[in-house]
There are 2 protein chains.
Amino acid sequence: MVEHNGPDVKFVNKYCPSSVSSSSASTSSSSSSSVREMNILATLRGSLSRKYPQKNGEVLSAQYGINLLLVGLALMLALAYQGPTVTEETVLAFLSTLMLMQLLWMICYVVRLERKLNAPPERDANAATTWIRGGLTLLALLSLITDAFRVGNFVGYQKCVSPVLGVYPVVHAVHTMSQVHFLWFHVKDVIKRYETFERFGVIHAVFTNLLVWSNGVMTEAEHALNDHKRRLSAVGYFNFTVWGKGNTRLGGLYYLCPFNIEYHILVSVLLFVMWKNVGRTLGQCTKQKSASKSPLLKCSGDGPFLLLGPALGLLSLASSITVLVIYIIHVEESLEARHAAISMFYWFGIVILACMSVSGAVGLIIYRLEDWPMDTTPNPSRTLDSKLLLGSSIGSWLVCWCSVIAVAGAKNSPIYRWANLGYAILLVLEKCVQNLFIVESLYRRQKELKERGADLHATRNSILNPSHGNEKIFAVYDGIINHAYESPDKHCENENQTCSRNDGNVTHSSDHGMPETPNRQRQVLKNIAIFLFMCNISLWILPAFGCRPQFDNGLEEASFGFPIWSTVLNFALPMSLFYRMHSVAVLFEVFRKI
Amino acid sequence: MVEHNGPDVKFVNKYCPSSVSSSSASTSSSSSSSVREMNILATLRGSLSRKYPQKNGEVLSAQYGINLLLVGLALMLALAYQGPTVTEETVLAFLSTLMLMQLLWMICYVVRLERKLNAPPERDANAATTWIRGGLTLLALLSLITDAFRVGNFVGYQKCVSPVLGVYPVVHAVHTMSQVHFLWFHVKDVIKRYETFERFGVIHAVFTNLLVWSNGVMTEAEHALNDHKRRLSAVGYFNFTVWGKGNTRLGGLYYLCPFNIEYHILVSVLLFVMWKNVGRTLGQCTKQKSASKSPLLKCSGDGPFLLLGPALGLLSLASSITVLVIYIIHVEESLEARHAAISMFYWFGIVILACMSVSGAVGLIIYRLEDWPMDTTPNPSRTLDSKLLLGSSIGSWLVCWCSVIAVAGAKNSPIYRWANLGYAILLVLEKCVQNLFIVESLYRRQKELKERGADLHATRNSILNPSHGNEKIFAVYDGIINHAYESPDKHCENENQTCSRNDGNVTHSSDHGMPETPNRQRQVLKNIAIFLFMCNISLWILPAFGCRPQFDNGLEEASFGFPIWSTVLNFALPMSLFYRMHSVAVLFEVFRKI
């Protein structure tokens, strides 16, 4: 307990120095004098070191990060106008500077940590699983290929372009490699030393990645606009030739950009969790989890059942790639082929979204029937996941409602009119159901941890019940919940006791000798998760690689005008892409957890 | 304690039915059998009533609200294009329907509450102070005048306009009156019955107000655009006549609209706090506060000191009104007068922002020197306040950084070029400092509550300290912190004890017989708060009534182009106005609290 006591006395002292001394008031007089001495010492130490209060450190660093982002956005907006003020070189130079600063901070952090080998930082087991980091590494590799292309491109055109165009990909490649290394070994760290400085470092990293993401999104939007114009000119609407810097780009890059974009946004999410964890006091169970880690994919025993989900998922994946190829080919042909391609896309979407909604609903019903216990331990990573899902749904919901209004008020009626309506409504429904399913899954307790964790559970409930005397404590500081004060001895003692008492439980059926039913339900849930996982990949692939009928169908453009509609799409599509990628990551977590 | 026990056993049961029975594990066997029976009964009751889990209720209602907003936004975007799909009548009919639905819900809520007179709901003392509600009533009255104008306008033009234009102001007036009534008597309620239904009702009210706000903002933006064009035509750039429905509007309405807009956004903030409070279990101190309420403005004894702040504040208010009038007159005159007016605005802004930054910084330094204790009790209202301040700063920060880039890259150099740069940078700085000051003030413990609240404090600390046996409990469910289990007897007993022990405190200087120093510092802080309060009113008045040099100075337009720049402004200015109004409300709270 000494290890826990140390930092926490300081913790108290930082926030409410007056209260440390008064805390001895409610005890009997036996140990009060020594406690008081300790407290006074701690208060003195706090006054001398004068740590900047946590809340202010948070606000200050958040403001720094936001302003960094806004400077970058302002530069990009000026670039988008293609006015005289800002050129692409300015933006790339700005981004390179930020990345170099982040590199410097990461080196500082690692070096300082190496020096204190005897006191490794605490780690938040929930922060970023091995799978997420593995996925990120894959995206980073594809990102590096993009950089290699860019460097090659620069070498070829060396004489006629600015050197910044050569420096940027090199800096980006170095940044990518060191960042992946950093994420593998330090993203779980809970920073407790030099808090204010590290807070700035982490938030700088978060917003640097967010800016690189924004830059990628802007480039993509420009690309999509050019595609749109080219397609319109292909079906004979008007003449169009790509002009300016578009010529110097390699065509192959186009198919790698989406991975680079997703890489940066996922990194900022992970780093944001790290930022939230700065100065946090971890609960026992959050640390425990890493020790009692579950083995790789625990579904080895239930192989035959896990078939329908993956099979249907693979089917959807294959058919979406087919749809993508057909769409891209036909949308540039004649007007009839174009309409047929758009129509095909919508019908395919309706089928896949209907399947997803139904499977999500089945999952929710199973949860309703089962009444599994909820997991309510504080977990910044999970809170962020649910908020991001809800937040990033907004983009495509807005597009959907715009489509509904456009279809309802359309003057002309192309063949895909009502398919568009159905697609829009189903998309809203599907995201609602999927969000509910994911949030519910995230907040359920892990099956195999239930028995192991039953004692912890009992602890929390005995705390709720005022008639029990107990020493377990939950304390709250600045919204961070601190329950690191479980005494480990009592913890172990209780284990057998609580497990035997579990029989008194009514709804908890798995303890009644009926392991079959919940296992089957678990199988169904696993199948649903893997199916949704693959469907989300499919629905990410389609818009990421150029299948964007919202640009091509013309209905919304007639109702909203091209400037408003393209602004809406440029705002909504990146969010929608992020939503799919993030769902993929979270659904994989859900799949492993069930 | 029986009163508390009832709902909370249900509370446990709703989330983790299995754990209720196991909660008896850690007690000794003396009372375990009766507790177990009670628990089983509670579990059964829970299974039968099958309440929808809180987390899902939250997500579901949030999704409903967001989609409501997006439908409205989509309609307004279509209206902004002035295409064939959506007319103003459609939008007004949609808004009227939403307001009528909200009316229906409010009636249901009040009637159902009246029936249960014997069990009034708990109340969150922090939710909305009398002052805020008073301010809102004032805004509502001005809003009603707008409605009266509109009805009169409709009667005059009855024959040539749609009846919806007459129905809307009537519905709006009824809605405003009943909503103010509702806010006065029910906004503090903590809803515990029919949670899921009421959650939908409250979120519906939140987003209805947000939509009416968006509608107001859109109308204002259109107005500003017309103003801009009229001014340009006045100084001879091009010919312009206002067309369409603008003609049927009354000129006087223009000066009342800003109040109506602020009314709706403030109402949505208050109702959002009510939504966050649904199903929450209040801490003892949150309830207590309302009982031991402080008297009206407690600064009666320290009158002479409270002079500099209000005096300077009034000066800034008066001069800003002068600047407003001069600006509006001169900006439509010759090109030189226009440039002089813009220049004057920027220099005035630089002076006032510099004063605000300095006073905010002084306040922060006082806090650093004083080391007052932090107040860390859970308080959704306060959390929301700080998040909203930070969030709504983003708008004007973006405008500022755009200005910086525009000034840096400008090709021509009008007289206000560098003043614009200084203004932009100072604005960023001022908002940073003010946010820090407000957040720090909000999280400080109230001076006069310190002694009274010391026992509560002690309680919290004895909980932190694992060596103390105690019956106080903090428990966490779904992120909601439950510490309603203080035994009131012990509470009173401790009071004297803790106050006498306070002497052991080192940094807490007011207990050492030096009441003079902190009082003087308190005076300085009070002056700062009132000065910032009035400055924020000044800075709200200027853009709200048409002093928007960002439209008129032409620098940013040259760098970003009119479409991008007007989009940025239409997004940022409403946020900036909300920021000022919200700061005013929060600074008044801060002033009362210090």
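An unreviewed UniProt entry lists chain A under the name Otopetrin-1, from Bagarius yarrelli. Database annotation for chain A, UniProt heading Sequence similarities (unreviewed entry): "Belongs to the otopetrin family." You can read under Subcellular location (unreviewed entry) in the UniProt record for chain A the words "Cell membrane".

Participant: Please explain the overall build of chain A as it appears in this structure.
Facilitator: Scanning chain A from N- to C-terminus turns up 21 helices and 4 strands. Expressed as a percentage of its 594 residues, the buried residues of chain A come to 59%. For chain A, the exposed surface amounts to about 23500 Å²; the carbon and sulfur share of it is 67%.

Participant: Explain helix H12 (residues 335-370) of chain A to me, please; I cannot follow it from the model alone.
Facilitator: What sets the pattern is the α-helix's 3.6 residues per turn: residues three or four places apart point alike. Under the 1.5 Å per step criterion, the end-to-end length of H12 of chain A is 53 Å for 36 residues, consistent within 8% with the ideal 52 Å. Trailing H12 of chain A by a residue or two, Asp 371 of chain A shows a phi angle of about 55°, which is positive.

Participant: Could you clarify how one ought to interpret the packing of helix H13 (residues 380-408) of chain A against helix H4 (residues 54-81) of chain B in this entry?
Facilitator: Each pair of packed helices gets described by two things: the angle between the helix axes and the distance between those axes. At a minimum axis distance of 8 Å, the contact between H13 of chain A and H4 of chain B shows a crossing angle of 45°. Considering their axes alone, H13 of chain A and H4 of chain B lie oblique with respect to each other. The way H13 of chain A lies across H4 of chain B gives a crossing that is right-handed. Counted together, Leu 390, Ile 394, Trp 397, Leu 398, Trp 401, Cys 402 and Ile 405 of chain A of H13 of chain A and Val 59, Ala 62, Gln 63, Ile 66, Asn 67, Leu 70, Val 71, Leu 73, Ala 74, Leu 75 and Ala 78 of chain B of H4 of chain B form the full contact between these two elements.

Participant: What am I meant to see in helix H13 (residues 380-409) of chain B here?
Facilitator: Residues and elements named next belong to chain B. For H13, spanning 30 residues, the distance from its first C-alpha to its last is 44 Å, which sits close to the expected 44 Å at 1.5 Å a residue. When the local axis directions of H13 are compared, the greatest deviation, roughly 30°, occurs at Gly 395. Counting buried positions along H13 gives 23 out of 30 residues, so the element sits mostly inside the fold.

Participant: Please clarify how empty space enclosed by the protein should be interpreted in this entry.
Facilitator: To find leftover empty space, one rolls a probe the size of a water molecule over the atoms. Taken as a whole and judged by the stated rule, the model has 15 cavities of 30 Å³ or more. In this structure, the largest cavity occupies an estimated 270 Å³ of space. Looking at the largest cavity, it is lined by 21 residues, and the ones nearest its centre are Tyr 423, Leu 427, Gln 550, Leu 573 and Ser 576 of chain A. The volume enclosed by the second largest cavity comes to roughly 200 Å³. As for the second largest cavity, its lining consists of 17 residues, and the residues nearest its centre are Tyr 423, Leu 427, Pro 543, Gln 550 and Ser 576 of chain B. For the lining of the second largest cavity, the elements supplying multiple residues, two or more each, are H13, helix H14 (417-442), helix H18 (516-544), helix H19 (549-552) and helix H21 (562-593) of chain B.

Participant: I would appreciate a short explanation of the packing of aromatic side chains in the present structure.
Facilitator: Geometry of an aromatic ring pair is reported as the spacing of the ring centres plus the angle between the planes. Counted under the stated rule, the structure contains 37 aromatic pairs over all chains. Their ring planes at 55° and their centres at 5.9 Å tell us that Phe 259 of chain B and Phe 545 of chain B sit as a pair that is tilted. One end of the pair, Phe 259 of chain B, is in helix H9 (residues 257-277); the other, Phe 545 of chain B, is in the loop between H18 and H19, with 286 residues separating them in the sequence. Judged on exposure class, the residue Phe 259 of chain B and its partner Phe 545 of chain B are both buried. Here the aromatic cluster, defined as three or more aromatic residues joined through ring pairs, consists of Tyr 327, Phe 345, Tyr 346, Tyr 416 and Tyr 423 of chain A. For the cation-ring pair, Arg 382 of chain A lies above Tyr 443 of chain A, with the distance from its terminal atom to the ring centre recorded as 4.4 Å.

Participant: Got a minute to help me understand a positive patch on the surface in this structure?
Facilitator: The grouping of Lys 276 and Lys 387 of chain A together with Lys 276 and Lys 387 of chain B at the surface amounts to a positive patch. Take Lys 387 of chain A: it is sitting in helix H13.

Participant: Would you explain the pattern of salt bridges in this entry?
Facilitator: Pairs may arise between side chains of opposite charge once their charged atoms sit close together. All told, the structure shown has 24 salt bridges over all chains when counted by the stated rule. Arg 150 of chain A serves as the salt-bridge partner of Asp 147 of chain A, at 3.9 Å between the closest nitrogen and oxygen. With Asp 147 of chain A and Arg 150 of chain A both in helix H6 (residues 130-157), this residue pair falls 3 residues apart, about one helical turn. In this structure Arg 150 of chain A comes out as partly exposed when scored by relative accessible area, which is 22%. The residue Glu 220 of chain B makes a salt bridge to Arg 548 of chain B at a minimum N-O spacing of 3.8 Å. With a gap of 328 residues between them, Glu 220 of chain B in helix H8 (residues 195-234) and Arg 548 of chain B in the loop between H18 and H19 connect regions that are remote in the sequence. Taken together, the shared-partner salt bridges connect Arg 368, Glu 440 and Arg 444 of chain A into one network.

Participant: Please explain the domain arrangement of chain A as it appears in this structure.
Facilitator: Residue and element names in this part refer to chain A. Entries for chain A in the domain assignment read domain 1 (51-238 + 248-277) and domain 2 (307-446 + 517-593). In this complex, domain 1 contributes 31 residues to the contact, which on the side of domain 2 involves 32 residues. Our count for the contact surface shared by domain 1 and domain 2 stands at 2 salt bridges. Counting across the interface, domain 1 meets domain 2 through 4 residue pairs in polar contact (both at pLDDT 80 or more). Residue assignment for the side of domain 1 that touches domain 2 shows that the elements contributing at least two residues are H6, helix H8 (195-234) and helix H9 (257-277). By residue number, the principal contributor to the side of domain 1 that touches domain 2 is H8, which donates 11 residues. The class makeup of the residues in the side of domain 1 that touches domain 2 is 21 nonpolar, 4 polar and 6 charged.

Participant: Mind showing me how you'd approach the UniProt feature "transmembrane region" (unreviewed entry) in chain A here?
Facilitator: The residues that UniProt annotates with the feature "transmembrane region" (unreviewed entry) are residues 59-81, 93-113, 253-275, 305-329, 344-367, 388-409, 524-542 and 562-579 of chain A. In residues 253-275 of chain A, helix accounts for 83% and strand for 0%; the two terminal C-alpha atoms are 33 Å from one another.

Participant: What is the right way to read the environment of Val 524 of chain A from this model?
Facilitator: All names here are of chain A. Relative to the helices and strands, Val 524 is located in helix H18 (residues 516-544). Taking the C-alpha atoms as reference points, Val 524 and Ser 359, separated by 165 residues in sequence, lie 9.5 Å from one another. Residues in contact with Val 524, not counting those within four places in the same chain, are Val 362 and Ile 366.

Participant: Teacher, can you tell me more about unusual backbone geometry here?
Facilitator: A negative phi angle characterises most non-glycine residues, just as the trans form characterises most peptide bonds. Positive phi outside glycine occurs at Tyr 194 of chain A, with the angle close to 50°. Tracing the sequence through the fold places Tyr 194 of chain A in the loop between strand E2 (189-190) and H8.

Participant: What should I look at first to understand a nonpolar patch on the surface in this one?
Facilitator: Taken together, the side chains of Val 170, Val 174 and Met 177 of chain A present a nonpolar region at the surface, about 250 Å² in accessible area. Mapped onto the elements of the fold, Met 177 of chain A is located in helix H7 (residues 164-186).

Participant: Help me out: how do you make sense of the state of the cysteines in this one?
Facilitator: Disulfides are covalent bonds that connect the sulfur atoms of two cysteines. Taken as a whole and assessed by the stated rule, the structure comprises 0 disulfides over all chains. Just so you know, Cys 535 of chain B is unpaired, no disulfide at all, and the nearest cysteine sulfur is the one on Cys 355 of chain B, 7.2 Å from it.

Participant: Hey, could you run me through the confidence of the model for chain A in this one?
Facilitator: Residues and elements named next belong to chain A. Residues at a pLDDT of 70 or more form 72% of chain A, whose mean pLDDT is 77. Counting contacts from residues 1-30, a segment whose pLDDT is below 50, to residues more than four positions away or on other chains yields 76 contacts. Note that residues 43-50 has pLDDT below 50 and, in this model, 12 contacts with residues that lie over four places away or in other chains.

Participant: Just to check I follow, could you spell out the packing of H4 of chain B against H8 of chain B for this structure?
Facilitator: All names here are of chain B. H8 packs onto H4 with a crossing angle of 25° between their chain directions and a minimal axis gap of 9 Å. Judged on the interaxial angle alone, H8 and H4 are roughly parallel. For the crossing formed where H4 meets H8, the hand is right-handed. Its residues assigned to classes, the contact of H4 with H8 comprises 15 nonpolar, 8 polar and 3 charged.

Participant: Which parts of the structure should I look at to understand the environment of Ala 224 of chain B?
Facilitator: Residue and element names in this part refer to chain B. Here Ala 224 is to be found in helix H8. For Ala 224, a relative accessible area of 10% gives the class buried. Measuring from C-alpha to C-alpha, the distance between Ala 224 and Leu 60 comes to 38 Å, with 164 residues separating the pair along the chain. When residues no more than four places from it in sequence are discounted, the contact partners of Ala 224 are Arg 548 and Phe 551.

Participant: In this structure, what is going on with the environment of Leu 389 of chain A? I would like to understand it.
Facilitator: Residues and elements named next belong to chain A. Note that Leu 389 resides in helix H13. Spatially, the C-alpha atoms of Leu 389 and Ala 205 are 22 Å apart, while their sequence positions differ by 184 residues. Excluding anything up to four places from it in sequence, Leu 389 contacts Asn 435, Ile 438, Tyr 579, His 582 and Ser 583.

Rules used in this analysis
- Residues numbered from 1 in each chain as written.
- Chains lettered and ligands numbered in written order.
- Predicted model: local features only at pLDDT ≥ 70, side-chain atom pairs only at ≥ 80, totals over all residues.
- Heavy atoms only, no water.
- UniProt positions renumbered as here; feature names shortened; annotations may be inferred.
- Helix = DSSP H or I, 4+ residues; strand = E, 2+ residues; numbered from the N terminus.
- Buried < 20%, exposed > 50% of the residue type's maximum accessible area, 1.4 Å probe, protein only.
- Areas by Shrake-Rupley, 256 points an atom, 1.4 Å probe, with all protein chains shown as cover.
- Expected span 1.5 Å × (residues − 1).
- Axes fitted to C-alpha atoms, helices over the stretch in contact; angles between N-to-C directions.
- Parallel < 35°, antiparallel > 145°, perpendicular 65-115°, else oblique.
- Left-handed = near helix turned anticlockwise from the far one by under 90°.
- Contact = heavy atoms within 4.5 Å.
- Bend = angle between axes of the 7 residues up to and from the residue.
- 1 Å grid on protein atoms, 1.4 Å probe; cavity = no way out; pocket = protein on both sides within 12 Å on 5 of 7 lines; lining within 4 Å.
- Points joined across faces, edges and corners; volume = space filled by probe spheres on them.
- Phe/Tyr/Trp six-rings, centres within 6.5 Å; stacked < 30°, edge-to-face > 60°.
- Lys NZ or Arg CZ within 6 Å of the ring centre and 35° of its normal.
- Patch = residues over 30% accessible without salt bridge, like charges linked within 9 Å, V, L, I, M, F, W, Y side chains within 5 Å.
- Salt bridge = Lys/Arg side-chain N within 4 Å of Asp/Glu carboxyl O.
- Lys, Arg positive; Asp, Glu negative; His and termini not counted.
- Charge placed at Lys NZ, Arg CZ, Asp CG, Glu CD.
- Domains from an automatic or database assignment.
- Polar contact = N/O pair within 3.5 Å; in protein donor to acceptor, adjacent residues only side chain to side chain.
- Nonpolar A, V, L, I, M, F, W, Y, C, P; charged D, E, K, R; others polar.
- Disulfide = S-S within 2.5 Å.
- pLDDT = per-residue confidence, 0-100.

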